[in-house]
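So you can see what is in the structure, the chains are spelled out below.
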Amino acid sequence: MRKLIAVFMAFAMFFAVTACSPAPTTGETGGDSNTVDVGIVLPTKDEPRWVQDETRFNEALANTDYSVEILFSQGSSAKEKENVDALIAKGIKVLIICPQDGGAAASAVEAARKEGIKVIAYDRLITGTDAVDYYVTFDSIAVGEAQAKYLVDQATGKDNPLYLYAGAASDNNAFLFFEGAWNVLQPKVADGTFVIKNSGEAVALQGNAKLTRDEMSKIIGQVTTNWDFNDAKNRAEANLTAAKAADKGDVFILAPNDGTARAIADAFAADTAVTSYKVTGQDAEKASVQYIIDGKQSMTVFKDVRTLVKDSIDMAVTLLGGKDPQTTGAYNNGKIDVKAKQTEVIVVKSENVKSALVDSGYYPASDFTNLK
Ligand code: BGC
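First, a word on scope: everything that follows refers to the structure included in this document. (Residues numbered from 1 in each chain as written. Predicted model: local features only at pLDDT ≥ 70, side-chain atom pairs only at ≥ 80, totals over all residues. Heavy atoms only, no water.)

### Thoughts on the environment of tryptophan 50
And step 1. For tryptophan 50, the location among the structural elements is in helix 2 (residues 48-61).
And step 2. Tryptophan 50 sits in the buried class, given a relative accessible area of 3%.
And step 3. Along the chain, tryptophan 50 and cysteine 98 lie 48 residues apart, while their C-alpha atoms are 9.4 Å from each other.
And step 4. Those residues in contact with tryptophan 50 that sit more than four places away from it in its chain are Leu42, Pro43, Thr44, Phe72, Cys98, Tyr122, Asp123 and Arg124. (Helix = DSSP H or I, 4+ residues; strand = E, 2+ residues; numbered from the N terminus. Buried < 20%, exposed > 50% of the residue type's maximum accessible area, 1.4 Å probe, protein only. Contact = heavy atoms within 4.5 Å.)

### Here we look at the sheet that holds strand 7 (residues 160-164)
And step 1. Spatial ordering of the open sheet is given by 8-7-9-10, a layout of four strands whose pairing is parallel. Across the chains shown, the open sheet's two edge strands, defined by having one partner strand only, are strand 8 (194-196) and strand 10 (274-279). Strand-to-strand twist in this sheet, taken as the mean axis angle between neighbours without regard to direction, amounts to 35 degrees.
And step 2. Pairing analysis gives five bridges linking strand 9 (residues 249-254) to strand 10, with the strands arranged parallel. Among the inter-strand pairings, glycine 249 is bridged to a residue of strand 10, identified as valine 274. (Pairing = 2+ DSSP bridges. Axes fitted to C-alpha atoms, helices over the stretch in contact; angles between N-to-C directions.)

### Examining the packing of aromatic side chains
Each aromatic ring pair is described using two quantities: the centre-to-centre distance and the angle formed by the ring planes.
And step 1. The tally for this structure, following the rule as stated, stands at nine aromatic pairs.
And step 2. Seen in terms of ring centroids, phenylalanine 194 and phenylalanine 252 are 5.4 Å apart; in terms of plane orientation they differ by 65 degrees. Their pairing is edge-to-face. Of this pair, phenylalanine 194 sits in strand 8 while phenylalanine 252 sits in strand 9, placing them 58 residues apart in sequence.
And step 3. Given the relative accessible area of 6%, phenylalanine 252 is considered buried. (Phe/Tyr/Trp six-rings, centres within 6.5 Å; stacked < 30°, edge-to-face > 60°.)

That is the geometry; function is a separate question.
Here is the structure:
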């Protein structure tokens, strides 16, 4: 109890911004026998999105008096489990974890739960287990809806070619993004504004305003990028090879995030039968912001990671203080309803890059060229 109070005091000091001692550690496990209060596990350093989260955690946690360790799973559920085990061995009280694979992470968080550690799922839900205490997330259905709305707003007339792409099926968010997009696109496929060109499964289901998870799985299985740049590029190229010239022209592309959007955009830009393309994204990655400025990507959905970081730290502080954090809703993970705190998202197009991302202090103007 004493230790708990001490830890809580340390967190309280952080919020008073008076403490001044070592910044949180980041890196691989091992070598450090100090106890760690809060463990943070992120999926991979290979995507700018998660490096951004690490940066924002480090900024938020600088000059604190308590100990936090951030580890990366490098796209491997086995490494993720090792990371969680290592953090458990270091005595963490709270685990903030963004799973590599939402289902596979269940065993890691069950091991944490056995030790009395509170588990906060970060950005991606952990599924099929009751060992998740809380979930901090963006409104992922709104992300997909915003992407689709952008495409709808840009389309005129009938029979516009539509190419659909999705995230990894192991990530619950991929379903939420797709569900949101389908909510907005399906009526516009039904009324003939769009014609889906790269998914027989989606065409077979295009009369359904709502899709079951199994139905979504079928479509996602056909159009997944696995959140991987190369998979996205290969799939787009294969789709373009299979498509007739008449299926190209002025095309509309639902791309699930920025990394895959740039890969898909490059593939479509290289096809001479494509006269113009509109492509969505999400994350406001710097490279995609530059693509938007340069007219190579049409939009992104900005998810202000600073808010997610703050929400998860606030939650950890509350839990360390022995209290129940405030939540705004719940997400069913196939086993239980996980109490959740959800954050809104912002659509960014060339017109508002500066106000949304630079004037807000998220990125310095010097990160970009030709910014207006
Ligand atoms: C996140 C996205 C990210 C994607 C790929 C999703 O779970 O919400 O922001 O782009 O994973 O890492």
